[in-house]
Amino acid sequence: MTNPQQALSTQNLVAGYERDLPIVRGVDFLVATGELIVILGPNGAGKSTFVKAIAGLVPVHSGTALLGSADITHVPAHEKIRHGLAFVPQTENIFATLTIEDNLRLAADILPRERQARRIAELYTTFPDLAARPSLRAGQLSGGQRQMLAVARALIVEPSVLILDEPSAGLSPKIVAEVFSRLKAINKTGVTIVLVEQNVKAALAIADRAVILVEGRVRHEGPAATLADDPVVAELYLGARHDRRAVS
Amino acid sequence: MNPQALMDGLITGSMIGLGAVGVTLTYSILRFANFAHGEFISWGAYFAFAVAGALGAVSGAMLAPIGPFSFGWALPIGLLAALALTGGLALVVDALLFGRLRRQRSTVIIMVMASFGAALTLRSLLEFIFTSKPAYYTKALQIALPLGGGIRATPDQLLSLGLAAVLVVAIHLLLTRTAIGRSMRAVSENPQLAGVVGIEVRKVIRVVWVLGAGLAAVAGVIAGLLVQVRPQMGLDLLLPLFAAAILGGIGSVPGAMLAGVIVGLSEALAVQLIGAEWRAAIAFIILVLVLLIRPQGIFGRPE
């Protein structure tokens with residue numbers, strides 16, 4: 001039975017590139033509508049594989065994934081965006097040889113023709129940096145601008161859930177703060193956000209709730225503020241002492 | 001040097017260019033060198049030959065020459081049918097062979113070897129059905145018109161050049177100005193991300209097969225009209241096609257066409273300057289030189 005307030009959930013999800021070697025080993029996960037949730041865990045915990053499985057990029061061997069009340073477990077990746085699920089991969093998340101405008105138009109192509117131009121204009125208003133040079137090749141953008149373009153592209157279709165895989169990877173602390181502040185602002189407009197992060201401090205600062213994955217299973221979850229103050233959790237599940245200092 | 005070599009080179013280059021555009025599109029999307037592409041040229045030529053022949057058998061009026069050209073309405077209709085049939089043939093080959101290998105995540109070398117096998121099979125099938133005896137769309141003789149500067153060309157040759165130019169511009173506009181063109185460029189760069197954005201990659205692959213095979217069919221009909229129709233005609237053009245696709249820069253439609261003309265002109269000049277027996281070697285020399293000096297080609301970007 002599904003909760004009308006749930007935006008995204010998985011039940012006993014098992015996923016991995018090879019059937020006999022699952023990386024995600026039975027994850028139960030639930031995100032309420034409008035929530036910003038962060039998935040944390042040490043390297044190799046299966047965080048990225050989990051969100052890629054939801055996005056349709058990694059085979060799901062058993063279990064279910066629901067978007068609202070719709071079963072999207074085996075919906076092909078290209079169909080999920082039409083259901084309202086947008087995904088921003090960690091790397092290579094823009095088309096570097098295409099212009100900024102073409103990156104956005106590519107995402108807008110699935111919208112009705114009369115909405116396409118309006119949505120692109122709205123995204124340019126939200127991300128003025130992109131509006132300044134629409135004919136620039138996306139490969140010429142800085143790291144932070146690339147993330148903004150990837151997020152803008154994902155938002156074109158007005159998704160109900162936005163999943164981002166380590167949006168802070170490779171960015172300077174200043175740019176990370178800017179990207180996360182934008183994500184929080186997007187979340188406040190009603191978009192449910194699922195964030196996979198290694199940058200524990202920055203992620204917990206904007207998240208409502210956090211889930212910790214270890215070896216493909218959920219080991220801990222709770223409000224982000226509580227988790228940030230829990231030195232045991234940091235020591236056990238978030239890796240190095242550096243991380244513990246980061247969350248404390 | 002006889003200036004007529006320029007016209008001969010342009011005509012050969014237009015055929016090579018059309019084939020090379022198909023090679024460059026399939027290579028950039030499917031990421032393997034399809035050595036069966038030459039067979040789409042031959043099959044396209046024979047599809048048009050069969051349809052035009054059938055129309056001519058039904059109504060002799062269909063074979064009556066149109067204006068200054070050597071062929072009747074049967075051939076343009078046969079060409080349109082060949083576009084669809086060759087596109088269909090490419091989809092069948094993909095469904096039976098390449099699509100299965102893609103799903104098995106086969107390596108590039110497996111795909112290339114499979115394309116060799118497909119080429120042999122398609123060619124043998126063509127020889128079995130039509131025999132290896134050359135065939136002709138028309139037996140009518142045409143007088144070449146003087147164009148000035150010592151250059152002459154027949155109306156059929158001028159029409160072929162015009163058709164090739166129009167098609168290349170149309171494909172370039174399709175790639176740069178339409179949604180399906182954007183999708184093709186996106187899949188070419190990153191198929192997984194293209195899927196995430198909402199592009200059905202399999203649909204794009206089908207479009208690329210039909211487009212590439214359709215262009216090959218046009219090249220085949222032009223070659224058949226200006227020279228003759230033979231089961232080996234695609235094989236003979238294969239090396240020049242790849243030389244042009246690589247010289248132009250993989251993925252570049254204008255590059256492939258320009259490079260096709262360069263290869264065609266080089267072949268024509270070689271015939272004039274050093275002898276016809278060196279014609280086939282020219283494409284190979286160009287290919288090796290490009291790979292050594294500028295592997296990304298004229299319009300390509302370094303990796």
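Definitions and cut-offs
- Residues numbered from 1 in each chain as written.
- Chains lettered and ligands numbered in written order.
- Predicted model: local features only at pLDDT ≥ 70, side-chain atom pairs only at ≥ 80, totals over all residues.
- Helix = DSSP H or I, 4+ residues; strand = E, 2+ residues; numbered from the N terminus.
- Rg over C-alpha atoms; globule rule 2.2 N^0.38 Å.
- Buried ≥ 20, exposed ≤ 12 C-beta atoms within 10 Å, placed from the backbone.
- Contact = placed C-beta atoms within 7 Å.
- Pairing = 2+ DSSP bridges.
- Axes fitted to C-alpha atoms, helices over the stretch in contact; angles between N-to-C directions.
- Parallel < 35°, antiparallel > 145°, perpendicular 65-115°, else oblique.
- Left-handed = near helix turned anticlockwise from the far one by under 90°.
- Nonpolar A, V, L, I, M, F, W, Y, C, P; charged D, E, K, R; others polar.

(A) Spatial organisation of the overall build of chain A. Each helix and strand counted, chain A has 11 helices and 10 strands in total. Here the C-alpha atoms of chain A give a radius of gyration of 18 Å, agreeing with the 18 Å that 2.2 N^0.38 yields for 248 residues. Its C-alpha atoms give chain A principal-axis dimensions of about 50 × 40 × 35 Å. Going through the 248 residues of chain A one by one, you find that 45% of them count as buried. Of the contacts made within chain A by residues no fewer than 6 positions apart, 66% connect residues no fewer than 24 positions apart.

(B) Focus on the overall build of chain B. When helices and strands are counted, chain B shows 11 helices and two strands. If you list the helices and strands of chain B from N to C, you get α-α-α-α-β-β-α-α-α-α-α-α-α. Taken over the C-alpha trace, chain B has a radius of gyration of 19 Å; the compact-globule value for 303 residues is 19 Å, and the two agree within 12%. Its C-alpha atoms give chain B principal-axis dimensions of roughly 55 × 50 × 35 Å.

(C) Region of the structure containing the pairing of strand 7 (residues 161–165) of chain A. Residues and elements named next belong to chain A. The buried fraction of strand 7 amounts to five of the five residues, a majority that puts the element mostly inside the structure. The alternating pattern of strand 7 places Val161, Ile163 and Asp165 and Leu162 and Leu164 on opposite faces, both of which are buried. Where strand 6 (residues 85–88) meets strand 7, four bridges bridge the pair, whose relative direction is parallel. When the sheet's bridge partners are listed, Ala86 is paired in strand 7 with Leu162. Here strand 7 pairs with strand 8 (residues 192–196) via five bridges, running parallel. When the bridges of strand 8 are listed, Asp165 appears paired with Val196.

(D) Molecular detail of the sheet that holds strand 3 (residues 36–40) of chain A. Residues and elements named next belong to chain A. Across the sheet, which stays open at both edges, the six strands sit in the order 6-7-8-3-9-10 with mixed pairing between neighbours. The sheet is open, and its two edges are formed by strand 6 and strand 10 (217–223), each paired on a single side. On average, adjacent strands in this sheet sit at an angle of 15° to one another, irrespective of strand direction. Where helix 6 (residues 143–155) meets the sheet, it contacts strand 6 and strand 7, and its direction lies at approximately 165° from that of strand 6.

(E) Representation of the sheet that holds strand 2 (residues 24–32) of chain A within the structure. Residues and elements named next belong to chain A. The strand order 2-1-4-5 describes an open sheet built from four strands, whose pairing is antiparallel. Of all strands in the sheet, those bounded by a partner on one side alone are strand 2 and strand 5 (70–71). Bridge analysis of strand 1 (residues 6–15) against strand 4 (residues 60–67) gives six bridges, and the strand direction is antiparallel. Opposite Ala15, over in strand 4, you have Val60 as the bridge partner. Contacts from helix 1 (residues 47–55) reach strand 1, strand 2 and strand 4 within the one sheet, and its direction differs from that of strand 1 by about 110°.

(F) Spatial organisation of the packing of helix 3 (residues 100–108) of chain A against helix 4 (residues 113–126) of chain A. All names here are of chain A. For the pair helix 3 and helix 4, the least separation of the axes is 10 Å and the interaxial angle reads 130°. Judged by the inter-axis angle, helix 3 sits oblique to helix 4. Where helix 3 crosses over helix 4, the handedness of that crossing is right-handed. Touching Leu104, Arg105 and Ala108 of helix 3 are Gln116, Arg119, Ile120 and Leu123, all from helix 4. Classifying every residue of the contact of helix 3 with helix 4 by side-chain character gives four nonpolar, one polar and two charged.

(G) Local environment of the interface of chain A and chain B. Counting residues at the interface gives 21 residues for chain A, matched by 14 residues for chain B. Listing elements by their share of the side of chain A that touches chain B, those giving two or more residues are helix 2 (77–83) and helix 3 of chain A. Broken down by class, the residue content of the side of chain A that touches chain B amounts to 12 nonpolar, three polar and six charged.

(H) Just unusual backbone geometry, in detail. You will see that A:Asn12, though not glycine, has its phi angle at about 50°, which is positive. The topology assignment puts A:Asn12 in strand 1. With a phi angle near 65°, B:Thr131 is a residue other than glycine that sits in the positive phi range. Within the secondary structure, B:Thr131 sits in the loop between helix 4 (108–130) and strand 1 (145–148). A tally of 10 C-beta atoms within 10 Å means that B:Thr131 is categorised as exposed.

(I) Region of interest: the environment of B:Ala268. Residue and element names in this part refer to chain B. Following the sequence through the fold, Ala268 ends up in helix 10 (residues 253–273). In this structure, the C-alpha to C-alpha distance between Ala268 and Gly17, residues 251 residues apart in sequence, is 15 Å. The contacts of Ala268, once residues within four sequence positions are left out, are Ala5, Asp8, Gly9 and Thr12.

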